[in-house]
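# Structure at a glance
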Amino acid sequence: MMLATALNARAQVPDWQAAVAIGGGTTVTATTTDTSGNVYLAGNFSGTVSVGNTTFSAAGGQDVFVAKWNSVTNSIVWAQRAGSTSDDHAFALAVSGTSVYVAGDFLGTATFGSTQVVSRGDIDGFVAKLTDGGTSATWNWALMLGGTASDQAYALAANGPNVYVGGVFNSSTALFGSSTVTNASTNGSTADGFVAHLTDTGSAGAVTWVQPVSGSGSDFVTSLVVAGNAVIVGGQFSNTLAFGSTVLVGGSLTGFVGKLLDTGSTSQYAWAVRTNGIAVIINAVAVDGASVYVTGRFLFNAAFGSYSFTSAGTMGGYDVFVAKITDAGTSAAFTWAVRAGGVASDYANAIAASGGNVYVTGGFSGTSSFGGTSLTGAGLVDNIFLAKLTDVGGTGSFDWAIAAGGGNSQQALGVAIGTGGRVYVSGGAVPGVIFGRIRVLGVGNGGVGFLASLTDATLTATSMAAAAEQPIVFPNPAHSRVTVQIPAVFGTVTATLTVLDALGRTLRTQVAATNSKVELDLTGLAPGRYAVRVAAGGSAATRWLVVE
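My aim in this report is to walk through the structure given alongside it, one point at a time.

Parameters at a glance
Residues numbered from 1 in each chain as written. Predicted model: local features only at pLDDT ≥ 70, side-chain atom pairs only at ≥ 80, totals over all residues. Heavy atoms only, no water. Pairing = 2+ DSSP bridges. Helix = DSSP H or I, 4+ residues; strand = E, 2+ residues; numbered from the N terminus. Axes fitted to C-alpha atoms, helices over the stretch in contact; angles between N-to-C directions. Buried < 20%, exposed > 50% of the residue type's maximum accessible area, 1.4 Å probe, protein only. Salt bridge = Lys/Arg side-chain N within 4 Å of Asp/Glu carboxyl O. Phe/Tyr/Trp six-rings, centres within 6.5 Å; stacked < 30°, edge-to-face > 60°. Lys NZ or Arg CZ within 6 Å of the ring centre and 35° of its normal.

## Remarks on the sheet that holds strand 9 (residues 89-96)
Strand pairing in a sheet relies on backbone hydrogen bonds, with the paired strands running either antiparallel or parallel. A sheet is described by the order of its strands in space; here 6 strands give the open sequence 9-10-13-14-17-18, paired in antiparallel fashion. Strands at the two margins of the open sheet, each flanked by one partner only, are strand 9 and strand 18 (179-182). The sheet shows a mean angle of 20° between the axes of neighbouring strands, taken without regard to direction. Sheet analysis places strand 10 (residues 99-106) next to strand 13 (residues 124-132), joined by 8 bridges and oriented antiparallel. In the sheet register, G104 faces strand 13, and the bridge partner there is F126.

Listed below in structure tokens is the structure:
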């Protein structure tokens, strides 16, 4: 019943170090971390469950929960629930400081603490905020997103008070705060995607702008990530998709990645690229500096720029893909792509990246190959994989892959990079799922949500994106000069500072020492919003700046 793993000799493969049950009757659908080593989890539950020391009961068939895990005490610190008397789902999670945001869908009247939201007809999307008080959390606000048909919020990202949500709406018109978007379909037969920007005022969330992502077929936004004032959008479309002035032409199910620039009261389209193939599904996107990583699954044949693959499945199953897109500001192109899989169906659900280290998790059946690593699962049920790739610029390749399972179906839905080189994987499984030498048992009936982790020794402080210290830009807003505090970066003594405009064009470049403060001259820059990018040690971090 144990999983057999043929290890890749090129790299030292870590083993699972910890795996715990979050609660019987739960599924963890989204995971993220903060710079203090905390792990945040969102998911769904049914019946009466215990998450840490908190016990709650679903008001309907399925409700939403959000929890905080402390990696020092290895325990749940707090947990909160929300929902209606119908089925409710959490799909996405984001953390910015002490603000914790969750997005998903609901039906009827859903309660988030003292806040209630009411769907307009069928299923609607929601975005809600909690404030993390350390050992407790409270709901602050919640917003309904949608119309009279079925609408969902699938993706979420946050940067300070700026919250971005993406998803799909089937309604002929959908309401986002005081803004209304119209479905491109004249007969209401297809779905359109959306990206909305919310401003968090503390006690409320207000929609600043909403941008439809639509074309002649069905369109979905499945993933979002934010870097400064840039929002990277991933999803699927059929037939054609209009991303600003860029019109993408695809097939029955084509993946796309696009870039939106948040200019304050509205947004601007920067670029968009698409995949090729019969069925290419983008499930997750990650950003590390100018590198955009995408993952998902494809059927039969797929192409990513000049990289083409044929699935190994002789049973009509999907294979995994991981691809890199290089963001050049106002344009982008695929830089490299790799595939993984076997004769059965394999898929990737989540991706995380830091300093050229890329981690992908998902499911596989039977025997699947990840570069030089072969994983064999228990039967043709879904088993869990975590794979690590290294991006060396123009190429990327699998370093290692590790499996988990146990003879019953299980699914990995989230991956996140923590402090100290720790990599976390979460999802849902049948009780008894095995991570290395650790067996995760459930409490009560049904499935069990899990959080598993390992330490990758190659993850060091070389990545500012994962470091406890981040570049600081002050004062903000600024006038003629601004000071940038650059953190210490392991292995390098210099950093490159770049000032970019709202279209991603480079305006100023300056080399400075790491672990120092440096002044940037803003003379001649028109009032507006800019991005300050600090690159060092193979990674980068971006901060927005307002020039008055």
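## With respect to the pairing of strand 25 (residues 254-262)
The element strand 25 is extensively covered by neighbouring structure, given that 9 of its 9 residues are classed as buried. In strand 25, alternate side chains face the same way, and those of T254, F256, G258, L260 and D262 on one face and G255, V257, K259 and L261 on the other are all buried. Direction of pairing for strand 25 relative to strand 26 (residues 267-274): antiparallel, over a ladder of 7 bridges. When the sheet's bridge partners are listed, L261 is paired in strand 26 with Q268. The antiparallel pairing of strand 25 with strand 26 creates a hairpin that spans 4 residues between the two strands, and G264 there sits at a positive phi of about 110°.

## Remarks on the pattern of salt bridges
Under the counting rule described, the total for this entry stands at 9 salt bridges. We note a salt bridge from D15 to R437, for which the minimum N-O separation is 3.5 Å. Placement of the pair is D15 in the loop between strand 1 (4-6) and strand 2 (18-24) and R437 in the loop between strand 40 (433-435) and strand 41 (438-440), with a sequence separation of 422 residues. Judged by relative accessible area, which is 34%, D15 ranks as partly exposed. With a shortest N-O distance of 3.0 Å, K68 and D132 are connected by a salt bridge. One end of the pair, K68, is in strand 7 (residues 63-70); the other, D132, is in strand 13, and 64 residues separate them in sequence. Overall, the relative accessible area of 6% leaves K68 in the buried class.

## Things to note about the sheet that holds strand 44 (residues 481-486)
Strand order in this open sheet of 3 strands is 43-44-47, and the pairing throughout is antiparallel. Single-partner strands in this sheet number two, and they are strand 43 (472-474) and strand 47 (516-521). Averaged over all pairs of adjacent strands, the angle between strand axes in this sheet comes to 25°, irrespective of strand direction.

## Quick notes on the packing of aromatic side chains
Within this structure, the stated rule accounts for 21 aromatic pairs. Seen in terms of ring centroids, F304 and F309 are 6.2 Å apart; in terms of plane orientation they differ by 50°. Their pairing is tilted. Looking at F304, the relative accessible area reads 0%, which means it is buried. Given the relative accessible area of 15%, F309 is considered buried. Over the ring of Y318 we find R297, and its NZ or CZ is 4.7 Å from the ring centre.

## Here's the deal with unusual backbone geometry
The omega torsion across F474 and P475 is -10°, close enough to zero to call that bond cis. Along the polypeptide, P475 turns up in the loop between strand 43 and strand 44. Omega for the bond connecting N476 with P477 falls within 30 degrees of zero, at 10°, which places this linkage in the cis form. Tracing the backbone shows P477 in the loop between strand 43 and strand 44. For N74, which is not a glycine, the phi torsion comes out positive at approximately 55°. By the secondary structure assignment, N74 is in the loop between strand 7 and strand 8 (75-82). Unlike most non-glycine residues, N515 shows phi in positive territory, near 55°. Looking at the element boundaries, N515 is found in the loop between strand 46 (506-513) and strand 47. Take N515: its relative accessible area is 57%, and that puts it in the exposed class.

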